[in-house]
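# Fold and geometry: a report
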Amino acid sequence: MEQKEEEKKQQYEKYVKEVTPTHNLWLQMLKAFITGGIICTLGQAVLNFAAGMGFDKQTAGSWCSLILILISVLLTGFNIYPGIVKWGGAGALVPITGFANSVAAPAIEFQKEGQVYGIGSKIFTIAGPVILYGIFTSWALGLILWAAGFLT
């Protein structure tokens, strides 16, 4: 009986080893670096173009953000961005384009359920907690800095 259990355990371990994907950390980091670098280079090109058009630094930055978000949402809508994320990993998820993708993807996925119950209720499924905790953390840190100002 005990031998049967041991055999089952070995078979299970063999199965797990077969189906568990192996990853090359250095290759993943290189892909993330390349993907993030391309996104940042595109952003810098937009900034340079806007500066060349005579916009001040803040306006050029706003246009850069808007254009990168637009490109990300369009690529998400055409189901291209998920492939970029699969290849580039964190290099595609960390910048502003990844955040735009996380907002647009649920909206696109649930649009068939209608404007309110689909898009309206699902659009911030992933991004909502990020926004909530980001605002809460900035508020808490601001409160701590404000209180520390009284101590000095």
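Not measured: the values here are computed from a predicted model.

This chain's UniProt record puts "transmembrane region" (unreviewed entry) on residues 32–51, 63–81, 87–110 and 130–151. As a span, residues 32–51 carries 100% helix and 0% strand, and end to end its C-alpha atoms are 28 Å apart. Across residues 63–81 one finds 84% helix and 0% strand; the C-alpha atoms that close the span lie 21 Å apart.

With that out of the way, let us pick up the side chain of Thr-76. Along the chain, Thr-76 falls in helix H3 (residues 57–77). Thr-76 gets classed as buried once you look at its relative accessible area, which sits at 8%. Looking at Thr-76, its side chain comes within polar contact range of the side chain of Asn-101, at 2.7 Å. Residue contacts for Thr-76: discarding those within four places in its chain leaves Tyr-81, Asn-101, Ala-104, Ala-105 and Ile-108.

A rise of 1.5 Å per residue sets the reference length of helix H1 (residues 2–19), with its 18 residues, at 26 Å; its end C-alpha atoms lie 26 Å apart and thus fit the reference within 8%. In terms of residue burial, H1 counts as a barely covered element, since only zero of its 18 residues are buried.

Buried within helix H4 (residues 81–88) we find Tyr-81, Val-85 and Gly-88. All buried residues of H4 lie within an arc of 85° about the axis, which places them on one face of the element. Here the buried face of H4 lies against helix H2 (25–52), H3, helix H5 (90–93) and helix H6 (96–109). Two residues or fewer past H4, Gly-89 is found with a positive phi of approximately 55°.

What counts and how
Residues numbered from 1 in each chain as written. Predicted model: local features only at pLDDT ≥ 70, side-chain atom pairs only at ≥ 80, totals over all residues. Heavy atoms only, no water. UniProt positions renumbered as here; feature names shortened; annotations may be inferred. Helix = DSSP H or I, 4+ residues; strand = E, 2+ residues; numbered from the N terminus. Buried < 20%, exposed > 50% of the residue type's maximum accessible area, 1.4 Å probe, protein only. Polar contact = N/O pair within 3.5 Å; in protein donor to acceptor, adjacent residues only side chain to side chain. Contact = heavy atoms within 4.5 Å. Expected span 1.5 Å × (residues − 1). Arc of directions from axis to C-beta.

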